[in-house]
Amino acid sequence: MRPGRPLTPARQDSVLLTEGLRLLQSGRPEEALRLIERSVKLAPKSVAGLANLGNVLLDLQRPREALSAFDRALKLLPRNADLLSNRGNALAALNRHREAADCYRRALAAEPGFVEAYINLGSALSAQGRSGEALDCLDRSVELAPQYSVAWFNRGVVLRRIGRLQEALASHQRATAIQPDFAAAWREMGSVYRELGQDREAVGVYEQALQVVPGDAEAWYERGRALSALRDAAGAIHSFEQALRFRPDYAAALDQLGNVLRGQKRLHGALERYGRALALEPNSLHIRYNQGLVLNDLGRLEEAAACFDDARAAPELAAEAASMALVTRQWMCAWDRFDQDRSDLARLIASGEPVNPFVALLVLDSPEVQRQAARNWAKQVARGIDARSPVHSPRRHDRIRLAYVSSDYRLHATGFLTAELFERHDRGRFETYAFSLAASDGTPMRRRLEAGFDHFIDCESLEDQEIAAKIVESEIDIAVDLNGYTRHARARIFAGRPAPVQVSFLGYPGTMGADWIDYLVADHYVVPPGSASLFDENIVFLPDTYQVNQTASAPAGPAPSRGSLGLPDRGVVFCCFNQFAKITPNVFGAWACLLKKVEGSVLWLFADKNEIAPVYLRRAAAQVGVSGDRLIFAPYADQPEHLARLAMADIFLDTAPYNAHTTASDALRSGVPVVTSSGGSFPARVAGSLLHAIGVTETIASDMEHYESIALRLARDSAFRASVRQKILDNQTTHPLFDAARFCRHLETAYETMWQTHCAGELPRSFSVKPSACFLP
């Protein structure tokens, strides 16, 4: 703020005032205040004394008392521009921005060239959301004082707030060029770089701020955030610890330190930091939310859900916290608030809030709502990225350069499904690249996947724009996103359009709601006639099923006995090896009805390390008259062992609205009949797609009542059940579901069509791939 220009009365009060100002300039405001107060008592009508009393009170963050001092001074000198501007500063500190703006206007009326008043008016207008007017004021300030660093700084702050990041960056660069020791401008410049996704540049800028003020806790904190985004955990931890060294009560630094430790799986250490942060700021809902995340990771799901419910009270967290609360309760199978949670989720999506779209796929069987959720999320993903990035011109290579981008090159469902596809790609027509977003898990599957590509590029430690740059440098023709909006997804890589043709395939069963994805690989069952308009991508319709699978093969070893698996020797074994989060109360109600109607039957579910869901499921069963003992929970098993034990089940019961995907393929590979109810959205029709591809459509239901009747017939009619099982086994080698060669040729035809369309200068369009001959031996 600009200090007043006081009169200098030749009395004792002047001596006190002069000494008080000297102490203030020496960084001793409390001592300065005592002398200036004595000065004002001696000369209560001294404008100089009252003005400087207000200034020192503002410096001590006592704006209400400062306002009173300025008001007394203005009664004596009502048109003084400095007093009016400083009164505005006191009002702004009290969040009375409309009144503050009026003071600044009055100051400008008294002194039209008052640069600080223009700057302060811009800040007050910006705080009211009147960004256009604010920018006009700040433009005027730099016009009046082009060498005034503070004017450029404040202009940059407003430009950043309204998303004009490149202009904001230029303003801060101008401010620091004028005043190289302007630490706040260096910090703000770093924040702009971060929003642009240029975290490496941000680190360098924060280090410039630290050269100016080595003990700047905020600069250390921001440097830590940038290093965290760059996946430099050690550097981030050091930065946050330095921030805490200079400011031990820095709750935000403790919070961010907890986030880094959580990312390193040091969960108890993270929880301890969140606890310390909350002790400092007990009302911080952001920290409470992060505490929920680590409690979730620790399997303390009930406590985690409580954290997320609390965090919903923060408007900026409402959408994210609501979706996490819903998902956490789904993992627990705690459905007491299921209907309310779903309705809250739909309301947030409709209002434009960025709810993770995967949650919408999980519980809302509505393509329209799913598309809106994806569009909301895509806007957030693309923030700071130039939406008009040019599409690169066609490059002429001997082969189409095809890149798959994924975090799941490991012991993961995506790895099992795709390994053979990558191996089978025709190297005469395609040069294949893998861009791996996650570190190796050291398994044989990872080694197999690495060997399946011409080029395997480990990008785990790189930031999004660096990966995008590698895609550009590699002159990739077609880039395929295998993650979409699933966990560990990094969609910003694609938002910058590093490849001429960009495709969503396999990992995310729905639209990404983004203009940077040209094609979605699907089939005519998951995207039925008339529904393509509900997707923002052009649809590539494969002739059989969109889901790739490895070629069918004989079991690796003998099947275990039922007894060794904890299953009864007699009676029907219903099973579902889907994750608990896919189970809805409606589906579980149907399962409970089947258990009641089929005497001696059991329900076999996959528990892995989730200890709380079985408690809730047994409780839900007991509430409808089914003994909890009839629910049997299987631990994790390696893929060959899992497929062998899966054959011991009689009937696989699918979930809705999010169907079994890989788990349905596993069941069919093991010869187990899969009963599914097809809904209206992509994820609600996946199991039906797989059943069509293996030629067993008699177990596809149109609704839950039909679903129950099919399952009941299979359970009661052993001959019918045996015939369906045999049909599945027979069709594994005569139908396309497990024909990896056929699938590969169809997908390659799709890629070639996409590339030819691009090279012809035509816009992407939906198309169907014609079925080719079966390639099974």
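From a predicted model like this one, the values you see are computed outputs, not experimental measurements. All residue numbers here refer to positions counted from 1 along the written sequence of the relevant chain. Only residues with pLDDT of 70 or above have their local features reported here, since the model is predicted, and side-chain atom pairs are shown and tallied only from 80 upward, although totals for entire chains, interfaces and linings are computed over all residues. Note that water and hydrogens are dropped before the side-chain values are worked out from all heavy atoms of the structure.

Asks: Got a minute to help me understand the overall build of the protein chain in this structure?
Replies: Summing up its helical and strand segments, the protein chain has 34 helices and 14 strands in all. Burial status follows relative accessibility: with a 1.4 Å probe on protein chains alone, a residue under 20% of its type maximum counts as buried, one over 50% as exposed, and anything between as partly exposed. Put simply, the protein chain has 777 residues, and 58% of those count as buried. To measure how exposed things are, a 1.4 Å probe is used in the Shrake-Rupley method; for residues, cover is taken only from the protein chains shown. Of the accessible surface of the protein chain, which amounts to about 31900 Å², a share of 50% is contributed by carbon and sulfur atoms. The convention is simple: Lys and Arg are positive, Asp and Glu are negative, and His and the chain ends are not counted. Charged side chains are reduced to one point each, which is NZ for Lys, CZ for Arg, CG for Asp and CD for Glu. Counting 88 positive and 92 negative side-chain charges, the protein chain places the centres of these two groups 4 Å from one another. Helix and strand assignments come from DSSP, with helices taken as H or I runs of at least 4 residues and strands as E runs of at least 2, each series counted from the N terminus.

Asks: Looking at this structure, how should I read the sheet that holds strand 8 (residues 573-576)?
Replies: Either a parallel or an antiparallel arrangement is found when strands of a sheet pair, and the pairing is made through backbone hydrogen bonds. Two strands pair if DSSP finds at least two bridges between them. Read across the sheet, 6 strands follow the order 10-9-8-11-12-13 without closing on themselves; strand pairing throughout is parallel. With one partner strand each, in any of the chains shown, strand 10 (631-634) and strand 13 (700-701) form the two edges of the open sheet. When checking whether two residues touch, look at their non-hydrogen atoms; a contact exists if any pair is within 4.5 Å. To define axes, lines are fitted to C-alpha atoms, for helices over the stretch in contact only, and angles between the resulting N-to-C directions are given on a 0 to 180 degree scale. Against the sheet, helix 31 (residues 686-693) engages strand 12 (674-677) and strand 13, with an angle of about 130 degrees to strand 12.

Asks: Whenever I open this one, the pattern of salt bridges confuses me. Can you help?
Replies: For side chains of opposite charge, pairing can occur when their charged atoms come near one another. Between Lys or Arg on one side and Asp or Glu on the other, a salt bridge is scored when a side-chain nitrogen of the former is within 4 Å of a carboxyl oxygen of the latter. On inspection of all chains with the given rule, the structure shows 49 salt bridges. As a salt-bridge pair, Glu 195 and Arg 383 come within 3.0 Å of each other at their nearest N and O atoms. With Glu 195 in helix 11 (residues 183-195) and Arg 383 in the loop between helix 22 (367-381) and strand 1 (400-406), this residue pair connects regions lying 188 residues apart in the sequence. For Arg 383, a relative accessible area of 41% corresponds to the partly exposed category. One salt bridge in this structure joins Glu 423 and Arg 448, with 2.7 Å as the shortest N-O distance. Separated by 25 residues along the polypeptide, Glu 423 in helix 23 (residues 413-424) and Arg 448 in helix 24 (residues 444-451) bring together distant segments of the chain. Classification of Glu 423 as partly exposed rests on a relative accessible area of 37%.

Asks: Just checking my understanding: could you explain the environment of Tyr 508 for this structure?
Replies: One can find Tyr 508 in the loop between strand 5 (501-504) and strand 6 (519-523). Not counting residues up to four positions away in its chain, the partners in contact with Tyr 508 are Pro 357, Phe 358, Leu 361, Asn 483, Gly 484, Tyr 485, Thr 486 and Leu 520.

Asks: Could you clarify how one ought to interpret unusual backbone geometry in this entry?
Replies: Negative phi characterises most residues that are not glycine, and trans characterises most peptide bonds. Following Ala 656, the chain continues into Pro 657 via a peptide bond in cis, with omega recorded as 10 degrees. At Gln 61, a position not held by glycine, the phi torsion is positive, near 60 degrees. Checked against the element boundaries, Gln 61 lands in the loop between helix 3 (47-59) and helix 4 (63-76).

Shape is all these values report; function is a separate question.
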